[in-house]
Amino acid sequence: MEEVCLNSEPVFDMVDEYEGDGEGEGDCSAVEHDDETGSKHSKKEPPLPTIGLEFDSFDEAYDFYNIYAKEQGFGIRVSNSWFRTKKKERYRAKLSCSSAGFKKKSEANNPRPETRTGCPAMVVIRLVDSKRWRIVEVELEHNHQVSPQIKRFYKSHKKMILAARKARPPAEPVTEIHTIKLYRTAAMDAVSNGFSNVSEREGIHQPDHSKHLELKEGDAYAVYNFFCRMKLTNPNFFYLMDFDDDGPLKNVFWADARSRAAYGYFSDTVAIDTTCLTNKYELPLISFVGVNHHGQSVLLGCGFLGHKSVEYFVWIFRAWLKCMLGHQPQVIVTDQCKSLQIAVSEVFPKARHCFCLWYIMQRVPEKLGGLRGFEEIKRQLNKAVYNSLKIIEFETSWTEMIKKHGLGDNKWLQTLYEERKQWVPVYLKDTFFAGMIPIRENESLNAFFDGYVHKHTSFKEFVDKYDLALYRKHLKEATADVQSKNSSFELKTRCNFEVQLSKAYTKEIFDKFQSEVEGMYSCFNTRQVTANGPIITYIVKERVEIEGNEKEVRSYEVLFETNQVDIRCICSLFNYRGYLCRHALNVLNYNGVEEVPSRYILRRWCKDFKFQHVDLGSTDIDVYGPVYRRSHFHNRAVPIVEGGAQSEEQYKIALHELQELLNKFNLVDDS
C-alpha cells in the first residue's frame, strides 16, 4: 500500500519543462502515459483554465486563454494590469472576456451601440518567483451566449493568426502549457477513469475494482483539480491519498483550514456520517461533523472510502486524527455497523462510542414493517426508547413488547438489545452529546451535505458543489454570529434565569433555553421527598403531551446539593443538550437561587466562545509555529469579519484594507 501525504505540498508536482509540442514525458493532460507495451494513446483536449496552472511567460498565459476562448466562441482582452512602479514590470494581470465591463459613455451624436454585457468570465494571472506566471483566479461562466459553432473572429483571435503567419517555419499553436501532474501507472489511469486501456492479452493484470474508488471518466481530473486549487488557495489545507500497491486509488481524506480550526473549538462530540456508504450511493462519501456554538452542524473533514471494511475505516480515521494533531474527540457517534465499531475502538480507544438513535429508528419500518401489528409494535418501541426515565422502565417496556408480539427470534431486535448501552438514551445519561442525537420522537437529523448529494451524485459533481455547500454553511454561521452579538433578545417571562442567559448564550441556544424557562410554568407540585445531608431529592411533576392532543402527568426526580449548588435531573437534558431543563430550573427557583450556577453555562454555547484561543489539546504549544500563528491570527480576524458585515460602508472599508494587505503580501512573495 502506498500512502501519499499532502499536508504541506501538493501531490501534483509541477512540470519543470515547457511542453508545447505535447510530447513531454509524464504529461497527463495532453498525452496519455506510454503503457508498458510502448503504445501511445491519442491526444486529449487541452485543460480548462484552472487555478494553479503555470506558464513560462505572460505571452504563453495569454495565448493559452486565447486558444481556449476561440474554442469556446468568445474573445479576450487584458482588462487590468498591475506594474511595479520602479521597474515598470508587470506582475499581475486580469484577462477578461471581450464582453466584460461596459464602454464609457460617448458624447457623439450617433454613438455606437453597446455590445458589452458586463460578462464576469475571466482569469487572473500573477508572476511568481519572478519568472513564472500562475493562474490565481478563474471564472468560467458567461452572462451571454457562447458557442464553438458561432464562427466569429475576435480581435484577440486575429492577433493569434497574424502571429502564426509571421512564424518561420510555421509552428503548431500552443495547446498545452506548464501543467500539474499526478504520478500514476498506466493501470492506475485505467481504473481511475472508469475504463481499461490495457487488456490482459497485453500482459497487464487487471486490479480488483471492488476495493478501489470507482472513478468514472472525468472524475479523476476533477478531484485532482480540486485538490490543487484548494492547496493553492487554502494554506492550511490537509489531504491524504491511499494507493494500492498496483496503483489504483483506494481512499482519500481532506480537511480545509476552517474544518481544522473548527475542531479546535468543537472537538467534544463528533458524528461520523456514513449515510452514502450505508445507502450505497455512487459517491462513497464519509463526513466528520461537529456542532458549533449556534447548534449548527460544522464540517470537520471528509473523504472517499473505497470499501466499507475495518481496514479502510481505520485508514481514514487515522488520516483524520493525524490532521487534527492526534487530539481525540470525547464522544463519537456513528451508524450501527460492526466494521465501524471495530475501527473506532482501535483508533479512538479513549472516546465514548455511541450509535445514532435517529439512524436506528429510521430503519424500524424496513426491519419490522412486514410484521403483524406493526403500528402497535412501533408505538411500544418508541415508548420504551423515548419515554423511559430509568433503566428498569426501559427493560420492562422492551420485555413486554417482545413477549406480546412474539419477537423473541427477531435477529435485528436481538442485536439492538445486546447493544442497547450504545444507543438507548436512558443508558447514555452520563455522556455529553452537544445536541447531536435526538432524544424525542418527533426530532430528526439532516446530513451536512443534505441537498448537495443524491443517490447518483458523481465525484465530479460533488467537488463542484463542495465550495458552494461550505460557503452557505459558513455564511449561515457568520450571520448567526452577528445576530447573536448585536441583537437584543425578546424576553417572555419575568424569570431572572432568562435575563441572565440572554446576555451569555448565542441566539439559537438562548431560544432553546428560553423554551425551558417557559416550560417551568407547566411544572407543578415541586416537593421534597428525601434528604441525605446536603443532598435533597425533589419530585417535580409536569403535564406533557403524548399521542394526539392527550396529556399525562410525569414525575421527574431532581437531586439538589445545597453546599455547592449542584443539581441533576433524571431527564438529563443538560448532558444531552448542554443547558438546564425546566425541572432543574424549577428546583433552583424553589430554593431561592436567582442565577444559574456558572458550571451549568457551557462556554461552547456563548457568544464570545470563538474569541478564545484555539487549543487542540496540546500542553506544549510552539508559539513560533504555524499552528499557534494561525489560531492567534484567526481570533484577531473574527472581529474584522463581523464588523465588516455590519454596513455597506464598513464592508467596503474592510475589503479595501484586505486588498491592500494582499498587495503587500504579493510584494513580499516577489522579493
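Residues numbered from 1 in each chain as written. Predicted model: local features only at pLDDT ≥ 70, side-chain atom pairs only at ≥ 80, totals over all residues. Heavy atoms only, no water.

- The protein is annotated in an unreviewed UniProt entry as Protein FAR1-RELATED SEQUENCE from Gossypium schwendimanii.
- The Sequence similarities (unreviewed entry) field of the UniProt record for the protein holds the comment "Belongs to the FHY3/FAR1 family."
- According to the UniProt record, the Subcellular location (unreviewed entry) comment for the protein is "Nucleus". (UniProt positions renumbered as here; feature names shortened; annotations may be inferred.)

## What to know about the overall build of the protein
Alright, step 1. Assigned secondary structure in the protein consists of 20 helices and 19 strands.
Alright, step 2. The buried share of the protein, reckoned over its 671 residues, is 48%.
Alright, step 3. Nonlocal contacts in the protein, meaning residues at least 24 apart in sequence, comprise 63% of its contacts between residues at least 6 apart.
Alright, step 4. Of the roughly 35300 Å² that the protein leaves accessible, carbon and sulfur atoms contribute 49%. (Helix = DSSP H or I, 4+ residues; strand = E, 2+ residues; numbered from the N terminus. Buried < 20%, exposed > 50% of the residue type's maximum accessible area, 1.4 Å probe, protein only. Contact = heavy atoms within 4.5 Å. Areas by Shrake-Rupley, 256 points an atom, 1.4 Å probe, with all protein chains shown as cover.)

## Structural notes on the packing of aromatic side chains
Alright, step 1. This model, assessed by the stated rule, comprises 44 aromatic pairs.
Alright, step 2. A ring pair is formed by Trp 254 and Phe 462, whose centres lie 6.3 Å apart and whose planes are at 55 degrees; its orientation type is tilted. Remark: Phe 462 occurs in helix H14 (residues 459–486) and Trp 254 occurs in strand E10 (residues 249–255); sequence separation between them is 208 residues.
Alright, step 3. Between Tyr 263 and Trp 320, the aromatic rings sit 5.1 Å apart at their centres with planes inclined by 75 degrees, giving edge-to-face as the arrangement. Residue Tyr 263 is found in helix H5 (residues 257–265), and its partner Trp 320 is found in helix H7 (residues 310–323); the two are separated by 57 residues along the sequence.
Alright, step 4. Judged by relative accessible area, which is 0%, Tyr 263 ranks as buried.
Alright, step 5. Through a chain of ring-to-ring contacts, the aromatic side chains of Phe 226, Phe 227, Phe 237, Tyr 239, Trp 254, Phe 304, Phe 448, Phe 449, Phe 459, Phe 462 and Tyr 466 assemble into a single cluster.
Alright, step 6. Here Arg 90 stacks its cationic end above the ring of Phe 58, 4.0 Å away from the centre of that ring.
Alright, step 7. Over the face of the ring belonging to Phe 448 we find Lys 473, whose NZ or CZ atom lies 4.8 Å from the ring centre. (Phe/Tyr/Trp six-rings, centres within 6.5 Å; stacked < 30°, edge-to-face > 60°. Lys NZ or Arg CZ within 6 Å of the ring centre and 35° of its normal.)

## Thoughts on the environment of Asp 273
Alright, step 1. Tracing the sequence through the fold places Asp 273 in strand E11 (residues 269–273).
Alright, step 2. Residue classification places Asp 273 among the buried positions, given a relative accessible area of 10%.
Alright, step 3. Sequence separation between Asp 273 and Phe 448 is 175 residues, and the spatial gap between their C-alpha atoms is 8.5 Å.
Alright, step 4. Ignoring any residue separated from it by four or fewer positions in sequence, one finds Asp 273 in contact with Leu 285, Ile 286, Ser 287, Tyr 359, Ala 447 and Phe 448.
Alright, step 5. A polar contact is formed between the side chain of Asp 273 and the side chain of Thr 275, at a distance of 2.5 Å.
Alright, step 6. Side chain to side chain, Asp 273 and Tyr 359 meet in a polar contact 3.3 Å long. (Polar contact = N/O pair within 3.5 Å; in protein donor to acceptor, adjacent residues only side chain to side chain.)

## A few points about the nonpolar core
Alright, step 1. Of all hydrophobic cores here, the largest spans 55 residues; its most connected members are Tyr 505, Phe 513, Ile 567, Leu 580 and Val 596.
Alright, step 2. Among the nonpolar cores identified, the runner-up in size contains 36 residues, and Tyr 265, Ile 286, Tyr 312 and Phe 348 belong to it. (Core = buried A, V, L, I, M, F, W, Y, C linked by side-chain atoms within 4.5 Å.)

## Points about the sheet that holds strand E4 (residues 76–84)
Alright, step 1. Across the sheet, five strands lie side by side as E3-E7-E6-E5-E4; this open sheet has antiparallel pairing. Either end of the sheet is taken by a strand with one partner, and the two such strands are strand E3 (54–55) and E4.
Alright, step 2. Here eight bridges tie E4 to strand E5 (residues 89–97), and the two strands are oriented antiparallel to one another. Considered in E5, the bridge of Arg 77 is made with Ser 96. (Pairing = 2+ DSSP bridges.)

## Regarding unusual backbone geometry
Alright, step 1. At Val 565, a position not held by glycine, the phi torsion is positive, near 55 degrees.
Alright, step 2. Of note, Val 565 is situated in the loop between strand E18 (551–561) and strand E19 (566–569).
Alright, step 3. Of note in the backbone geometry, Ser 572 takes a positive phi value of approximately 55 degrees without being a glycine.
Alright, step 4. Here Ser 572 is to be found in the loop between E19 and helix H17 (573–577).

## Comments concerning the sheet that holds strand E16 (residues 523–532)
Alright, step 1. The sheet built from four strands is open, its strands ordered E16-E17-E18-E19 with antiparallel pairing. Edge strands, defined here as strands with exactly one partner in the open sheet, are E16 and E19. On average, each strand axis in the sheet is inclined to that of its neighbour by 25 degrees, with strand direction left out of account.
Alright, step 2. Relative to E18, strand E17 (residues 535–545) is paired through eleven bridges, and the arrangement is antiparallel. In the sheet register, Ile 535 faces E18, and the bridge partner there is Glu 561. (Axes fitted to C-alpha atoms, helices over the stretch in contact; angles between N-to-C directions.)

## Quick notes on the pairing of E19
The side chains of a regular strand alternate, residue by residue, between the two faces of the sheet.
Alright, step 1. With burial as the criterion, only one face of E19 is covered, namely that bearing Ile 567 and Cys 569; the residues Asp 566 and Arg 568 on the opposite face remain uncovered.
Alright, step 2. Relative to E19, E18 runs antiparallel, the two being bridged by four bridges. Within the sheet, the bridge partner assigned to Phe 560 lies in E19 and is Ile 567.
Alright, step 3. Counting the residues that bridge the hairpin from E18 to E19 gives four residues, and of these Val 565 lies at a positive phi of roughly 55 degrees.

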